[in-house]
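Chains, contacts and geometry: an overview
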Amino acid sequence: MNFLKWRERALESLFLICALTAIVGVLLVFIFVTIKGFPIFEKVGVLKFLFSLDWSPSDNKFGILTFIIGSFLVTAGALALGAPMAIMTAIFLSEIAPKRVQKLVRPAVELLAGIPSVVYGFFGILIIVPVVRTLFGGSGLGLLTGWIILAIMILPTIATISEDAIRAVPKSFREASFGMGATRWQTIWRVVLPAAKNGLIGATILGMGRAIGETMAVLMVLGNAPIIPKSLVGPVGALTSIIALNMSYASGDHQTALFGMGIVLFMISFFFVALIRLISRKRS
Amino acid sequence: MGLLILVIPSLAATGCTRAANAKVLNISGSTTVLPMVTAAGEEFQAEHQGIKVGVQGGGSSAGIEAAVTGASDIGTSSRDLTPEEAKLGLVDTVVAIDAIAIIVNPDNPVDHLTKTQVKDIFTGRVTNWRQVGGRDLEIVLINRDEASGTREAFLKKALDKTPFTKDAVIQPGTGQVRSIVGSTPAAIGYISLGYVTKDVKMIKYAGVTPSKANIINGKYQLQRKLHFLTKGKPKGEAKAFTEFVLSDKIQTGIVSHEFVRVAK
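A quick note: this is a predicted structure, and the numbers were derived from the prediction, not measured.

With that settled, the discussion passes to a nonpolar patch on the surface. Residue and element names in this part refer to chain A. Residues Leu16, Leu20, Ile23, Val24, Leu27, Leu28, Phe30, Ile31, Ile35 and Met267 make up a contiguous nonpolar surface patch of about 930 Å² in total accessible area. Top contributing element to the nonpolar patch by residue count: helix α1 (residues 2-44), with 9 residues. As for its position among the elements, Ile23 is in helix α1. Of the residues examined, Ile23 reaches a relative accessible area of 48% and is grouped as partly exposed.

Below you can see the structure in the form of structure tokens.
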């Protein structure tokens, strides 16, 4: 009896330790990045760091607005391309596709999520870049190529969560709608999607988080120029890719500035998580 | 549980014996120097049983940084040390002389540029090939990241330190620059002479073809030294490897394959 009780306790604390690891991990990363990056705010000034367009580390100029804009431009375009496609995939899987087709499409979508990002980058360089270059000129490395690659990368994230949200809409809603004489399209558009709205928004925000945090693939296809792109196909730099490109050799203030960019990224993802929490609370 | 306890020490033990058997010499830095060091490292390993040579890129600045912090036994660089870096106790050994070749796509009819034209292109004053005698095509600039020693040397020697235009695609390695220039009709970039292949076309700079002869006779201006950097005088394996690279055999073999050997 005593042994059973002891075992129960031990298991409980084991699970507690596992759960705490996540919190400790987040805290450690946050504290470390803040300590390493904070001095740049004092040195350059918060406003100048965040809102100056001039990034030339060799001249001690550390303005990261170009990359903040770059990150958001890349993410916005990827969402505009990827989110509708993902949500339509989710609708197809949950409302339209027969079981046999579902069994084919769903693993394919899930497999898409498991491909390493460096492979996406390689795919981008070999397939997308030449196509973009032939159609629009330039080098093919830039905003549009980034959009296409990221749209494919965030598709599984948004599609699987959206599908869950759509499936969670009670069957009775659909039956009531069909009972009133609505067509399948009307049922999907007017009943199911509005009922699943919060879940779909949550899925999109999660996809957004994935897009803005993606590093390797965008490093390979964006062209990494420290400028606001002049055209849809012009080279652009994102916060993540610039950190990755610079970290191997940066020292002194330059390194601190990279950690400062890390703080900004942390804030952005913190904001996204808060947003998802807020939306899911509204739902319940 | 019992099994786990048994497994852990045995894993640790095998780890230890392996580490004791092979000494690892870590070298990192310039992507220009990388192929030469890799090739020399393989021969060095064949001749010195029990020493493994680990080679990494990252750019010259990364190599210098790694030599300073001790992350690498030898840091390689294709640029000279800055005055600040020179104060950090690094010992600099020149292992080869290299030229920077300006490269364009093989389909590009332009085959020579003056010093001023090169400067105008890379500082953004000239943006169309038509302006320098080519087709009516927007110039696509391919530049290196700031870690690059090649970039630093090009900035100093070809641009007289006038800053690069920021409107350029930035790539983290010499190989990437070559592959993009090789596949993009309107592209121009610059890479180490040792990296030039048939995929790209070298152009004459100020009337001189980049070649080993023109490096030696000093006519080709875009040349620089390639360095090995160590924290203090090279010791142990680092010393043995540096001497190996400076030996006649490697200097006339692997080094001369891509670069120009250092004078005896």
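Where helix α3 (residues 65-96) of chain A meets helix α6 (residues 143-167) of chain A, the closest approach of the two axes is 6 Å, and the angle between their N-to-C directions is 35°. Here α3(A) and α6(A) pass one another in a crossing that is right-handed.

Time to look at the packing of α3(A) against helix α9 (residues 197-213) of chain A. Residues and elements named next belong to chain A. Viewed as axis vectors pointing N to C, α3 and α9 meet at an angle of 140°, and their least axial separation amounts to 9 Å. Taken as axis vectors, α3 and α9 run oblique relative to one another. By crossing handedness, the relation of α3 to α9 is classed as right-handed. For the pair α3 and α9, the contacting residues are Ser71, Phe72, Thr75, Leu79, Ala83 and Ile87 in the first and Leu200, Thr204, Gly207, Met208, Ala211 and Ile212 in the second.

For the rest of this paragraph, the subject is the interface of chain B and chain A. Taken together, the contact pairs 19 residues of chain B with 21 residues of chain A. When the two sides are added together, the surface that chain B and chain A hide from each other amounts to roughly 1,600 Å², 57% of it contributed by carbon and sulfur. The tally of links from chain B across to chain A stands at 2 salt bridges. For the side of chain B that touches chain A, the per-class residue count stands at 9 nonpolar, 5 polar and 5 charged.

For an α-helix, the turn length of 3.6 residues means that residues three or four places apart are oriented alike. Within the sequence span of helix α6 (residues 149-157) of chain B, burial applies to Gly149(B), Thr150(B), Arg151(B), Ala153(B), Phe154(B) and Leu155(B). Looking at where α6(B) begins, the residue whose side-chain oxygen comes 3.1 Å from the main-chain nitrogen of Thr150(B) is Ser148(B).

Okay, unusual backbone geometry next. Residue and element names in this part refer to chain A. One non-glycine residue, Asn60, lies in the positive phi region at around 60°. One can find Asn60 in the loop between β1 (55-56) and β2 (61-62). For Asn60, a relative accessible area of 55% corresponds to the exposed category. Of note in the backbone geometry, Asn224 takes a positive phi value of approximately 55° without being a glycine. Structurally, the position occupied by Asn224 is in the loop between α10 (216-221) and α11 (239-246).

Moving on, we get to the pattern of salt bridges. For the coordinates displayed, the defined rule picks out 22 salt bridges over all chains. With its nearest N and O atoms 4.0 Å apart, the salt bridge here joins Lys61(A) to Asp54(A). Owing to a relative accessible area of 26%, Asp54(A) belongs among the partly exposed residues under this scheme. Across the pair Lys230(A) and Asp167(B) runs a salt bridge whose closest N-O atoms are separated by 2.6 Å. Here Asp167(B) lies in the loop between α6 and β7 (169-171) and Lys230(A) lies in the loop between α10 and α11, a pairing that spans two chains. A relative accessible area of 67% means that Lys230(A) is categorised as exposed. Its relative accessible area of 30% is what places Asp167(B) among the partly exposed residues. Each of Asp54(A), Lys61(A) and Lys166(B) takes part in one network of salt bridges that share partners.

Take the nonpolar core next. In this structure, Ile121(B), Phe122(B), Phe154(B) and Ile188(B) are the most contacted members of the largest nonpolar core, which totals 47 residues. Elements represented by at least two residues in this core include exactly β4 (90-104), α5 (115-123), β6 (140-144), α6, α7 (174-183) and β8 (187-192) of chain B. Contacts of Phe122(B), omitting those with residues within four sequence positions, involve Leu141(B), Phe154(B), Leu159(B), Phe164(B), Thr165(B), Ile188(B), Gly189(B) and Tyr190(B). If you look at the next biggest cluster of nonpolar residues, it comprises 40 residues, including Leu143(A), Ile149(A), Val218(A) and Ala238(A).

Here we come to the environment of Thr66(A). Residues and elements named next belong to chain A. Note on placement: Thr66 falls in helix α3. Separated by 183 residues in sequence, Thr66 and Tyr249 have C-alpha atoms that sit 21 Å apart. When neighbours within four sequence positions are excluded, Thr66 is seen to be in contact with Ser52, Leu53, Pro226, Ile227, Ile228 and Gly237. In this structure the side chain of Thr66 is engaged in a polar contact, spanning 3.0 Å, whose partner is the backbone oxygen of Leu53.

Residue and element names in this part refer to chain A. Under the domain assignment, chain A is made up of domain 1 (2-50) and domain 2 (66-283). Between domain 1 and domain 2, the C-alpha centre-to-centre distance is 27 Å. Domain 1 puts 15 residues into the contact, and the matching count from domain 2 is 13 residues. Interface of domain 1 and domain 2: buried area, both sides summed, is about 1,100 Å²; carbon and sulfur atoms make up 86% of it. Considering only the surface of domain 1 that becomes buried against domain 2, Phe30, Val33 and Lys36 emerge as the three largest contributors, covering 37% of it. Our count for the domain 1 to domain 2 interface comes out at 1 salt bridge.

Let us now look at the pairing of strand β11 (residues 223-231) of chain B. All names here are of chain B. In this structure, strand β3 (residues 74-77) lies alongside β11, joined through 3 bridges in antiparallel fashion. If you follow Thr76 over to β11, its bridge partner there is Phe228. Examined bridge by bridge, β4 and β11 share 9 bridges and lie antiparallel to one another. Each residue of the ladder has a partner; that of Ala99, found in β11, is Gln223.

What counts and how
- Residues numbered from 1 in each chain as written.
- Chains lettered and ligands numbered in written order.
- Predicted model: local features only at pLDDT ≥ 70, side-chain atom pairs only at ≥ 80, totals over all residues.
- Heavy atoms only, no water.
- Patch = residues over 30% accessible without salt bridge, like charges linked within 9 Å, V, L, I, M, F, W, Y side chains within 5 Å.
- Areas by Shrake-Rupley, 256 points an atom, 1.4 Å probe, with all protein chains shown as cover.
- Salt bridge = Lys/Arg side-chain N within 4 Å of Asp/Glu carboxyl O.
- Helix = DSSP H or I, 4+ residues; strand = E, 2+ residues; numbered from the N terminus.
- Buried < 20%, exposed > 50% of the residue type's maximum accessible area, 1.4 Å probe, protein only.
- Axes fitted to C-alpha atoms, helices over the stretch in contact; angles between N-to-C directions.
- Left-handed = near helix turned anticlockwise from the far one by under 90°.
- Parallel < 35°, antiparallel > 145°, perpendicular 65-115°, else oblique.
- Contact = heavy atoms within 4.5 Å.
- Buried area = accessible area lost by both parts, 1.4 Å probe.
- Nonpolar A, V, L, I, M, F, W, Y, C, P; charged D, E, K, R; others polar.
- Polar contact = N/O pair within 3.5 Å; in protein donor to acceptor, adjacent residues only side chain to side chain.
- Core = buried A, V, L, I, M, F, W, Y, C linked by side-chain atoms within 4.5 Å.
- Domains from an automatic or database assignment.
- Pairing = 2+ DSSP bridges.

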